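Coordinate inspection notes
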Amino acid sequence: MNLNYKQRLFLYFAIIFVIFTVGVVLFEQLREKRFKTEILEEKLDACVEIIHTALRNNYQQSALLDSLILLFPENIRVSLIDKQGLVQFDNYINDLSQLKNHADRPEIVQASKNGKGSDIRISVSNNHKYLYYARQFEGKYIRVALPYDISTQQFLKTDKTFLYFIILLLAAMFLLMNIISNRFGKSIRQLRDFASISNKNDIPDFNFPNDELGEIGAKIIENYRQLTESRKQIDLEQEKTRLLKQEMTGNIAHELRTPVTSIRGFLETVLELPLDQEKKKHFITQAYHQTMVLSELIQDMSLITKIEEAPQLFKMEAVNIHQLLKMLKNDLALSLKGKGIVMQWNVPDDLIVNGNQNLLYSIFRNLVDNVIRYAGKDIKIQINKYNEDEDFYYFSFYDTGVGIADETHLDRLFERFYRINEGRTRDSGGSGLGLSIVKNAVAFHKGNITVRNRKEGGLEFLFALKINN
């Protein structure tokens, strides 16, 4: 028979309690019977003591014994036995010669060893059952016996009150065990049901009992749901990553096609057509410019990959932002002058960020490059540290250029290779990854960046950099 968990649990506990209860009841009954037997033995011992005192070592006074017996209970049997085990007196037997030697009687054997002894058995002489009690006095024995009749049996019978109490207690325990096994069985049953449907997408609600096992079951299901949700998120992220990589691969191929095709075309022209030195130099120069575009694209892609996949490789150090901006202005002095762009900032001289100098430099460099390429001429770049707290410095970078007329493009400016109009990157130079590098570099420093059009004209980038990374 295949028992479920609840039935097995109930059966196991029931067997344990029944065995324990039977043991207690038997022990109590034996103890109570022994106690009552001792009471009877004390009464019989009192009779023996009276007989011994009356006889005063003269065990031949049968007449005196007959008179004493009249004082005892009506059905008491008195025997005198000598050292050899021969019966010298028995008020129930007239012909003592019929009696066998009593040296081997259990009560006599006990009395010879311990001074007194008792036994319940059927008498050989008259076939009646007696409770025998004997004491030894100077090698002789006085034995008294009570018939083991209904009255004696009723007296020695154990009290049923305790038995009834134990039975009632056992019934209560069975009821309690049933309740407990139901609670445990419910939890186990629901866990079993959960295990059988755990491979499904929708997990129903389970109502576990309010106990430790119920808490464990609820926690298992909660953890499983969190794990399932995490797996879904991981699968979703993996799918997004796959699509992103697929899109990026396509974008890279598209972006590489232009400079590679241009380089190939310029070089084929030089190799296949008869050109003078000036035209050859022109085409070779154009090919060189395209290789610079290609090199910049590869460098920018490598930088983004490194930020995303191996950020631990970037060295962290104390970077003075004011000094970094001065170095940037010097590096781009010719480009800024060529467009008539004025670059200025309002940043404390001692402003320190604990980060990577190359990435911090790339943030401001790419923002300035973006202005030089697309914002127009005779404009201003302004960089401000406008706020700070315990963890971050907050910066504003804006220009007074043309801005972006269609603000739907603003949310996509940080996407890789995104162009507001087709061909813009190729016409104006750049890899198309500048603002994506900015976003990743800011994220590397635990910050975030947003962009908006200024009412006065131009774009404004707002970003935060963590003080200590």
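Coordinates for the structure precede this section.
What you see is a predicted model; the values in this text were computed from it and never measured.

Conventions we followed
- Residue numbers here run from 1 along each chain, matching the order of that chain's written sequence.
- Confidence filtering applies because this is a predicted model: local features only for residues at pLDDT of at least 70, side-chain atom pairs given and counted only at 80 or more, and all residues used for totals across whole chains, interfaces and linings.
- The side-chain values count all of the structure's non-hydrogen atoms but skip hydrogen atoms and water molecules.
- Between any two strands, pairing holds if DSSP finds at least two bridges.
- Helical segments are the DSSP runs of H or I of at least four residues, strand segments are the runs of E of at least two, and each set is numbered from the N terminus.
- Structural elements are reduced to axes, namely lines fitted to C-alpha atoms, with helices fitted over the stretch in contact, and the angle between N-to-C directions of any two is expressed from 0 to 180 degrees.
- Take the buried residues of types Ala, Val, Leu, Ile, Met, Phe, Trp, Tyr and Cys, join any two whose side-chain atoms come within 4.5 Å, and each joined set is a nonpolar core.
- Buried, partly exposed and exposed residues are distinguished by accessible area as a fraction of the type maximum, computed with a 1.4 Å probe on protein chains only: under 20%, between the cut-offs, and over 50%, respectively.
- If an angle is under 35 degrees, it is roughly parallel; if it is over 145, roughly antiparallel; if it lies from 65 to 115, roughly perpendicular; otherwise it is oblique.
- Two helices that cross are described as forming a left-handed crossing if the nearer one is turned anticlockwise from the farther one by less than a right angle, and a right-handed crossing if clockwise.
- Working rule for contacts: check all heavy atoms of both residues, and any pair within 4.5 Å makes them a contact.
- For this classification, the nonpolar set comprises Ala, Val, Leu, Ile, Met, Phe, Trp, Tyr, Cys and Pro, the charged set comprises Asp, Glu, Lys and Arg, and every other residue, Gly included, is treated as polar.
- Of all possible arcs, the one meant is that of the directions from the helix axis to the C-beta atoms.
- Nitrogen and oxygen atoms within 3.5 Å of one another constitute a polar contact, given that in protein one can donate a hydrogen and the other can accept it, and given that sequence-neighbouring residues count only through two side-chain atoms.

On the basis of which strands lie adjacent, the open sheet formed by five strands has the order β7-β9-β10-β12-β11 and mixed pairing. At either end of the open sheet lies a strand with only one pairing partner, and these are β7 (342–346) and β11 (449–453). For this sheet the average axis-to-axis angle between neighbouring strands, irrespective of direction, equals 15°. Bridge analysis of strand β10 (residues 392–399) against strand β12 (residues 459–466) gives seven bridges, and the strand direction is antiparallel.

Once that is clear, we can look at the nonpolar core. One finds I321, I363 and F463 to be the most contacted residues of the largest nonpolar core, which totals 46 residues. Those elements that place two or more of their residues in this core are α8 (321–331), α10 (357–374), β9 (380–388), β10, α12 (434–444), β11 and β12. The greatest single-element share of this core, amounting to nine residues, is contributed by α10. With 19 residues, the next largest nonpolar core counts C47, L55, V78 and L131 among its residues.

Pairing of strand β3 (residues 116–122) with strand β4 (residues 129–137), which is carried by seven bridges, proceeds in the antiparallel orientation. Bridging from a neighbouring strand, K116 pairs with R135 of β4. In sequence, β3 turns back onto β4 through a hairpin of six residues, with N127 there showing a positive phi of about 60°.

Turning next to the packing of helix α7 (residues 277–309) against α12. Viewed as axis vectors pointing N to C, α7 and α12 meet at an angle of 25°, and their least axial separation amounts to 10 Å. In terms of axis orientation, α7 runs roughly parallel to α12. Considering only the axes of α7 and α12, their crossing is left-handed. Between α7 and α12, the contacting residues are D300, L303, I304, I307 and E308 on the first element and S436, I437, N440, A441 and F444 on the second. Split into classes, the residues belonging to the contact of α7 with α12 amount to six nonpolar, two polar and two charged.

Taking strand neighbours across the sheet as the criterion, the five strands line up as β2-β1-β5-β4-β3 in an open arrangement whose pairing is antiparallel. The sheet is open, and its two borders are formed by β2 (87–90) and β3, each paired with just one other strand. Going across the sheet, the axis of each strand differs from the next one's by a mean of 20°, ignoring polarity. Of the strands in this sheet, β1 (77–81), β3, β4 and β5 (140–147) touch helix α3 (residues 106–114), which is tilted by about 170° from β3.

Attention now moves to α8. Regarding α8, the residues found buried are I321, H322, L324, L325 and L328. Along the axis of α8, the buried positions cluster into a sector of 160°, meaning they face one direction only. Buried residues along α8 sit against β6 (317–320), β7, β8 (352–355), α10, β9 and β10. The backbone nitrogen of H322 has a side-chain oxygen 3.0 Å away, supplied by the residue at the start of α8, namely N320.

We now examine the packing of α10 against α12. Across the interface, α10 lies against α12 with an axial gap of 9 Å and an inter-helix angle of 150°. Classed by the angle they form, the pair α10 and α12 counts as roughly antiparallel. α10 and α12 meet at a crossing whose hand is left-handed. Along the contact surface, α10 presents L359, S362, I363, N366, L367 and N370, while α12 presents G434, L435, I437, V438, A441, V442 and F444. The residue makeup of the contact of α10 with α12, split by class, is nine nonpolar, four polar and no charged.

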